[in-house]
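Given next are the chains, with one letter for each unit.
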Amino acid sequence: MAALGTPLPTLRALLRELRHAAGRHYRDSPAYRHVLAAFRAHRVTSEKLCRAQQELHFQAATYLCLLRSVREHEALHREYHGKGERSPEEVAGLVGFRLPQQPGGKG
Amino acid sequence: MWRGCRRLLWDRSLPIWFPRLPSTAAGSGPAGPCGRRAYAPPGERKRFYQNVSISQGEGGFEINLDHRKLKTPQAKLFTVPSEALAIAVATEWDSQKDTIKFYTMHLTTLCNTALDNPTQRNKTQLIRAAVKFLETDTLCYRVEEPPALAELQKNEWDPVVDWAEKRYNVTIGSSTSILGPNIPASTKETFISHLASYNMWALQGIEFVITQLKSLILSMGLIDRHITVEKAVLLSRLEEEYQIRRWGKVEWAHDYDLCELRARTAAGTLFVHLCSESSTVKHKLLQD
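Residues numbered from 1 in each chain as written. Chains lettered and ligands numbered in written order. Predicted model: local features only at pLDDT ≥ 70, side-chain atom pairs only at ≥ 80, totals over all residues. Heavy atoms only, no water.

### A closer look at the overall build of chain A
Rules: Comment: elements are numbered from the N terminus, with helices defined as DSSP H or I runs of at least four residues and strands as E runs of at least two. Computation of the radius of gyration draws on C-alpha atoms alone. For the globule rule, the value is 2.2 Å times the number of residues to the power 0.38.
Regarding its fold elements, chain A presents four helices and zero strands. Reading the helices (α) and strands (β) of chain A from amino to carboxyl end gives α-α-α-α. Expected size for 107 residues packed as a compact globule is a radius of gyration near 13 Å; at 25 Å, chain A overshoots this value by more than 25%. Overall, the C-alpha framework of chain A stretches about 85 × 30 × 25 Å when taken along its three principal axes.

### What about the overall build of chain B?
For the record, the criterion: Residue-level accessible areas treat just the shown protein chains as cover; the underlying method is Shrake-Rupley with a 1.4 Å probe.
What chain B contains, in helices and strands, is eleven helices and four strands. Within the structure as shown, chain B displays about 15,300 Å² of accessible surface, and the carbon and sulfur contribution to it stands at 53%.

### Quick look at the interface of chain B and chain A
What counts, and what does not: Whether two residues are in contact is decided by their heavy atoms: any pair within 4.5 Å suffices. The working definition used for a salt bridge is a side-chain nitrogen of Lys or Arg within 4 Å of a carboxyl oxygen of Asp or Glu. Side-chain atoms alone can form a polar contact between residues adjacent in sequence; in general such a contact is a pair of N or O atoms within 3.5 Å, and within protein one must be able to donate a hydrogen while the other accepts it. Under the scheme applied here, ten amino acids are nonpolar (Ala, Val, Leu, Ile, Met, Phe, Trp, Tyr, Cys and Pro), four are charged (Asp, Glu, Lys and Arg), and all others, including Gly, are polar.
Counting from both sides, the interface comprises 42 residues of chain B and, opposite them, 34 residues of chain A. The interface formed by chain B and chain A holds two salt bridges in total. A salt bridge links Lys101 of chain B to Glu74 of chain A, with the shortest nitrogen-to-oxygen separation between them at 3.9 Å. Our enumeration of links across chain B and chain A arrives at five residue pairs in polar contact (both at pLDDT 80 or more). Residue assignment for the side of chain B that touches chain A shows that the elements contributing at least two residues are α2 (83-94), α3 (106-116), α9 (229-236) and α11 (251-275) of chain B. In terms of residue count, the dominant contributor to the side of chain B that touches chain A is α11 of chain B (14 residues). Grouping the amino acids of the side of chain B that touches chain A by side-chain chemistry returns 21 nonpolar, nine polar and twelve charged.

### Examining the confidence of the model for chain B
Detail in the predicted coordinates should be disregarded across regions flagged by low pLDDT. Residue and element names in this part refer to chain B. To keep it simple, the criterion reads: Confidence scores per residue from the predictor, reported as pLDDT, run from 0 to 100.
When the pLDDT values of chain B are averaged, the result is 84; 81% of them are 70 or greater. Of all secondary-structure elements in chain B, the lowest mean pLDDT belongs to helix α1 (residues 2-11), at 47, while α9 reaches the highest, 95. Across residues 3-18, where pLDDT falls below 50, the model places 20 contacts with residues more than four positions away in sequence or in other chains. Low pLDDT (under 50) marks residues 20-34, which in the prediction has 28 contacts with non-local residues, meaning those over four places away or in another chain. Overall fold confidence for the complex sits at a pTM of 0.83, while the interface term, ipTM, reaches 0.83.

### A look at the packing of helix α3 (residues 51-80) of chain A against α11 of chain B
Think of two packed helices as two axes; the pair is described by the angle between the axes and how far apart they sit. Heads up, the condition is: Axis lines are fitted to C-alpha atoms, over the contacting stretch for helices. Their N-to-C directions set the angle, which ranges from 0 to 180 degrees. Whether a crossing is left-handed or right-handed is set by the direction in which the near helix is turned from the far one by less than a right angle, anticlockwise for left-handed and clockwise for right-handed.
At a minimum axis distance of 8 Å, the contact between α3 of chain A and α11 of chain B shows a crossing angle of 145 degrees. Between α3 of chain A and α11 of chain B lies a crossing of left-handed hand. Taken together, the residues of the contact of α3 of chain A with α11 of chain B sort by class into 15 nonpolar, seven polar and five charged.

### With respect to the domain arrangement of chain B
Residues and elements named next belong to chain B. Operational definition: What marks off one domain from the next here is an automatic or database domain assignment. Accessible surface is computed with a 1.4 Å probe, and the buried area is the amount of it that two parts give up when combined, taken over both parts together.
Examined at the domain level, chain B breaks down into domain 1 (52-103) and domain 2 (123-276). Just the C-alpha atoms count here: the centres of domain 1 and domain 2 sit 30 Å apart. Contact residues are listed per partner, giving six residues for domain 1 and four residues for domain 2. Interface area, domain 1 with domain 2, both sides summed: about 410 Å², of which 85% is carbon and sulfur. Counting every contact that joins domain 1 to domain 2 gives zero salt bridges. Run the count over domain 1 and domain 2 and you get zero residue pairs in polar contact (both at pLDDT 80 or more). Of all the elements in the fold, those that place two or more residues in the side of domain 1 that touches domain 2 are β4 (79-80) and α2. For the side of domain 1 that touches domain 2, the residue count by class is four nonpolar, two polar and no charged.

### Section: α3 of chain B
Condition: Only protein chains enter the area calculation, which uses a 1.4 Å probe; residues under 20% of their type maximum are buried, those over 50% are exposed, and those in between are partly exposed.
Judged by how many residues are buried, α3 of chain B sits mostly within the fold: eleven of eleven residues are covered. Along α3 of chain B, the residues classified as buried are His106, Leu107, Thr108, Thr109, Leu110, Cys111, Asn112, Thr113, Ala114, Leu115 and Asp116 of chain B. Buried residues along α3 of chain B sit in contact with α3 of chain A together with β4, α2, α7 (200-213) and α11 of chain B. Just past α3 of chain B, the residue Asn117 of chain B takes up positive phi, approximately 50 degrees.

### Observations regarding the environment of Gln59 of chain A
Structurally, Gln59 of chain A can be placed in helix α3. Those residues within four positions of Gln59 of chain A in sequence are excluded, and the remaining contacts are Leu270, His273, Leu274 and Glu277 of chain B.

### Focus: the pairing of strand β2 (residues 61-65) of chain B
All names here are of chain B. What counts, and what does not: Between any two strands, pairing holds if DSSP finds at least two bridges.
Among the five residues in β2, five count as buried, and that is most of the element. Residues of β2 alternate between two faces, with Phe61, Ile63 and Leu65 on one and Glu62 and Asn64 on the opposite face, all of them buried. Inspection of the sheet shows strand β1 (residues 52-56) paired to β2 by five bridges, in the antiparallel sense. Note on β2: the bridge partner recorded for Ser55 is Glu62. Taking the residues between adjacent antiparallel strands as the criterion, β1 and β2 are bridged by four residues, where Gly60 takes a positive phi near 160 degrees. The sheet contact formed by β2 and β4 spans two bridges and is antiparallel. Following the sheet pairing, Phe61 is matched in β4 by Val80. When β2 meets strand β3 (residues 68-69), the two strands line up antiparallel, connected through two bridges.

Have a look at this one:
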């Protein structure tokens, strides 16, 4: 098993990411409720090394990595990715012109 | 050299399968009176739904955007076998603000690929494509110089290769020659029979992860929960990390690619685990 440590920091970080993703009513979102229910169900076990608990923790860590890297990737994309060419109207507007309107189409 | 690298990195992005949205209001880019421009960014679809919810149908779980059901690009109904996967897909759709950015919705893309199977490969072809990567596995190709990099590769990659050899009872080895290691046929047979135990959906996910990480051994380490996603991505990009530490980092290239690779790998791993699990909860009553 991967060296993951205690599940509490992972759970807290995952819930924080879900809060960023969901918006105002994050507590009612299905993902938030599902994650909390899953962690509560696996909290108490009689075994010292619970395989299902570790599987859940690994899945939670993977989902956390997914949400976090998608958010960072989107931020980088917004900042650095090219916006494309300007349309002809925008180019004309740069120097203060407007494109001519030809009602019958070009002659 | 850099452009060649970027072309290699862009190749990672195939196949991308964008979901088809129920409404047909396609917004094309602003077209001037002169017609299409040379490089026109495609029109972005605005978010047209308020609520995303999940419902259970005959085939599995479905996603509802407001009251319309989500469909795949080939117009099939979008059904997933696992509830957790449906919830994750719904969260992806719910987290889109203003415009819909398909390049951030990795789980949706994977589900669409599994449902539509656009390359029309059956199980044997998928397994064969996955095991073929073993011959060109990243972890098996070592350099001789610079010695610091060779040392780093030995310290970081050898434990993972040893773990894989012990876990699957095979010989893999590594080589510094351009032809690569000599993988015996029994090793390939072992991996083929191991991968045959996964269902079709999980195999699509496994093949996706292998293509992203360029390594079968790292993907098996992820599937067996031996290493975390961050560690696997680090090991896959070991040489790049070494060069970054030596020459410095370029945020708009290195960080961008790192985040994208992490996102895709995490999505693929989660997809495989959610498609191949079956959980039962045994409630033990407290004796009092």
